[in-house]
Amino acid sequence: METERQLGNDFKAESFRKQLHKHPELSGHEINTALTIAQQLRHFGLNPQEGIGGHGVICTVSGEQDGETTLLRADFDALPIQEKATHSHVSVNHGIMHACGHDGHTASLLAVAEKLAVTPPKRGKVILLFQPAEETGVGASAMLNSAELKQLKIDNVFAYHNLPGQPLHEVVIKNNTFACASTGVSIELEGKTSHAAYPENGLNPAKAMIEILQFLEGLPSQYTENFALVTIVSAQLGEEAFGVSAGRARILATLRSDCNSTFHAMQSTIRLKLEEVGKGSGLGVEYSWHEPFNAAVNSSVHVDIVRTQAKQLGLKVNELREPMRWSEDFSEFLIHYPGALFCIGSGESHPELHNPDYDFPDEIIETASTLFMSIVKQLHG
Ligand SMILES: [Zn+2]
Ligand SMILES: [Zn+2]
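Residues numbered from 1 in each chain as written. Chains lettered and ligands numbered in written order. Predicted model: local features only at pLDDT ≥ 70, side-chain atom pairs only at ≥ 80, totals over all residues. Heavy atoms only, no water.

Student: Got a minute to help me understand the environment of Q49 in this structure?
Tutor: Topologically, Q49 is positioned in strand 1 (residues 49-52). Apart from residues lying up to four places away in sequence, Q49 is in contact with G56, V57, I58 and E148. (Helix = DSSP H or I, 4+ residues; strand = E, 2+ residues; numbered from the N terminus. Contact = heavy atoms within 4.5 Å.)

The following block contains the structure:
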């Protein structure tokens, strides 16, 4: 163990985080980020497995006695946003930045890896999972579908996201749904243009477009038992030409719900409505779903573990009444295994996630890694 401690000694989580921040990579393209993470794990004396479900990395630390298996997850992809900052770790990759703090989530989990390399769990196993492609909602599923993960028996899963707008270090938890299900839907209506003086010679999708927009606006009122939201993102009809009666239309919207069955019911209702509009209007109707996320549904047992350990560490705990309206693909892990997703406050006046002036607050790396270690200690001794 002494050798491992020496190997890990030069690790500074904050500097590592800043290095990741300086060299961000987009979802699905995180080759160097994954290499850097695996290299650091090896420096700790651990034995990472790379290329799991894409650029994913997993690293198992085993205790000497039998016991449960706990998976801790951090994501590591960045966003197509041009950073607006003057600090020394500003992104060197034009138009790409760590605007969601995944650099910080990864640095936190590496801080846990450093601690576990020195003090492994007594019982069972801890799997440190570093996940690519969270922002596009495909990374978690790809890792879960890998042969390496499928053969593992996992008893508990935990992950955190930093949360601007909440006091620094505050632990934000919620039983049941923590973050909503969501998807984008793109609807294309194909008619036929004609001279604007003779619209009867074409097939103008204006009426069908209005019908679909009204239907989408009214859809949430059909699902009063759970939270349901439809947001119209864009609607376009025809071209800007006074001589032409429109021949096509396009509507983009996003759907959200705190309940996976309501969410899937909303999708089915949209499908049926579009078939009906297509049959009634003679228009060609096509639609596609984009970046779908299930709701992240927590187990109360696991939320209780987070709550207890956070309180023991003297951290302020905030119990949410409503779930977060945003989505997180840790939901896929929570569909397979019981666990909890929680947040740690990034500061009340901290720039919002996905803003060009956002930068992960390094102060919470220690908070997150200490909390993860307390959870490991409770479950694994
Ligand atoms: Zn994000
Ligand atoms: Zn994020």
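Still more ground to cover, so stick around.
Student: Would you mind going over the coordination of the zinc ion (ligand 1) with me for this structure?
Tutor: A metal bound by six donors in octahedral fashion has ideal angles of 90 or 180 degrees, whereas one bound by four tetrahedral donors has an ideal angle of 109.5 degrees. Coordination sphere of the zinc ion (ligand 1), protein contribution only: C100 (SG), E135 (OE), E135 (OE) and H354 (NE2), at 2.0 to 2.6 Å. One can describe the donor arrangement at the zinc ion (ligand 1) as irregular, given that its 4 donor atoms subtend angles of 54 to 150 degrees at the metal. The zinc ion (ligand 2) is placed at 3.2 Å from the zinc ion (ligand 1), the two being bridged by C100. Of this pair, C100 sits in the loop between strand 3 (65-75) and helix 4 (102-118) while E135 sits in the loop between strand 4 (123-131) and helix 5 (139-144), placing them 35 residues apart in sequence. Residue classification places E135 among the buried residues on the basis of a relative accessible area of 14%. (Donors = N, O, S within 2.8 Å, 3.2 Å for Na, K, Ca; no water. Tetrahedral: all angles 85-135°; square planar, octahedral: opposite > 155°, others 65-115°. Buried < 20%, exposed > 50% of the residue type's maximum accessible area, 1.4 Å probe, protein only.)

Student: Would you explain the environment of E217 in this entry?
Tutor: With respect to the helices and strands, the residue E217 is situated in helix 7 (residues 206-218). Sequence spacing of E217 and L229 is 12 residues, and the spatial spacing of their C-alpha atoms is 8.8 Å.

Student: When you look at the domain arrangement of the protein in this model, what are you seeing that I'm missing?
Tutor: A common measure of how large an interface is: the accessible area buried when the components associate. According to the domain assignment, the protein contains domain 1 (2-178 + 295-380) and domain 2 (181-293). Computed from C-alpha coordinates alone, the two centres of domain 1 and domain 2 are separated by 37 Å. Between domain 1 and domain 2 lies a buried interface of about 950 Å² when both sides are counted; carbon and sulfur atoms form 54% of it. Taken as a group, A295, R325 and S327 account for 53% of the area that domain 1 buries against domain 2, more than any other trio of residues on that side. Where domain 1 touches domain 2, the interface holds 0 salt bridges. Applying the counting rule to domain 1 against domain 2 returns 4 residue pairs in polar contact (both at pLDDT 80 or more). (Domains from an automatic or database assignment. Buried area = accessible area lost by both parts, 1.4 Å probe. Salt bridge = Lys/Arg side-chain N within 4 Å of Asp/Glu carboxyl O. Polar contact = N/O pair within 3.5 Å; in protein donor to acceptor, adjacent residues only side chain to side chain.)

Student: Help me out: how do you make sense of the sheet that holds strand 6 (residues 171-173) in this one?
Tutor: The strand order across the open sheet built from 8 strands is 1-2-4-3-5-16-6-15, with neighbouring strands paired in mixed fashion. The sheet is open, and its two borders are formed by strand 1 and strand 15 (317-319), each paired with just one other strand. Averaged over all pairs of adjacent strands, the angle between strand axes in this sheet comes to 25 degrees, irrespective of strand direction. As paired elements, strand 1 and strand 2 (residues 56-62) share 2 bridges and run antiparallel to each other. The partner of I52 across the bridge, within strand 2, is G56. (Pairing = 2+ DSSP bridges. Axes fitted to C-alpha atoms, helices over the stretch in contact; angles between N-to-C directions.)

Student: Whenever I open this one, the coordination of the zinc ion (ligand 2) confuses me. Can you help?
Tutor: Summarising the metal site, the zinc ion (ligand 2) is bound by the protein donors C100 (SG), H102 (NE2) and H161 (NE2), whose distances to it range over 2.1 to 2.3 Å. In the primary structure, the donors to the zinc ion (ligand 2) are separated according to the pattern C-x1-H-x58-H.

Student: Sorry, what's going on with the packing of helix 7 against helix 8 (residues 260-281) here?
Tutor: How two helices pack is summed up by the angle between their axes together with the distance between the axes. Interaxial distance between helix 7 and helix 8 falls to 11 Å at its minimum, and their mutual angle equals 160 degrees. Comparing the axis directions of helix 7 and helix 8 gives the class roughly antiparallel. Crossing hand, helix 7 versus helix 8: right-handed. In this structure, helix 7 contributes A208, E211, I212, F215 and L216 to the contact, and helix 8 contributes T269, I270, K273, L274, E276 and V277. (Parallel < 35°, antiparallel > 145°, perpendicular 65-115°, else oblique. Left-handed = near helix turned anticlockwise from the far one by under 90°.)

Student: I'm lost on unusual backbone geometry in this one. Help?
Tutor: The phi torsion at A133 lies on the positive side, around 50 degrees, for a residue other than glycine. Among the structural elements, A133 can be located in the loop between strand 4 and helix 5. In this structure, N176 takes a positive phi of about 55 degrees despite not being glycine. Mapped onto the elements, N176 comes out in strand 7 (residues 176-179).

Student: Please explain the sheet that holds strand 12 (residues 248-257) as it appears in this structure.
Tutor: Each strand in a sheet pairs with another by means of backbone hydrogen bonds, the pair being arranged parallel or else antiparallel. If you walk across this open sheet you meet the 4 strands as 10-12-8-13, and the pairing is antiparallel. If you trace the sheet from one side to the other, it starts and ends with strand 10 (228-237) and strand 13 (284-293), each paired once. For this sheet, the mean inter-axis angle between neighbouring strands, taken without regard to orientation, is 15 degrees. The strands that helix 7 touches are strand 8 (181-190), strand 10 and strand 12; relative to strand 10, the one it contacts most, it runs at about 160 degrees.

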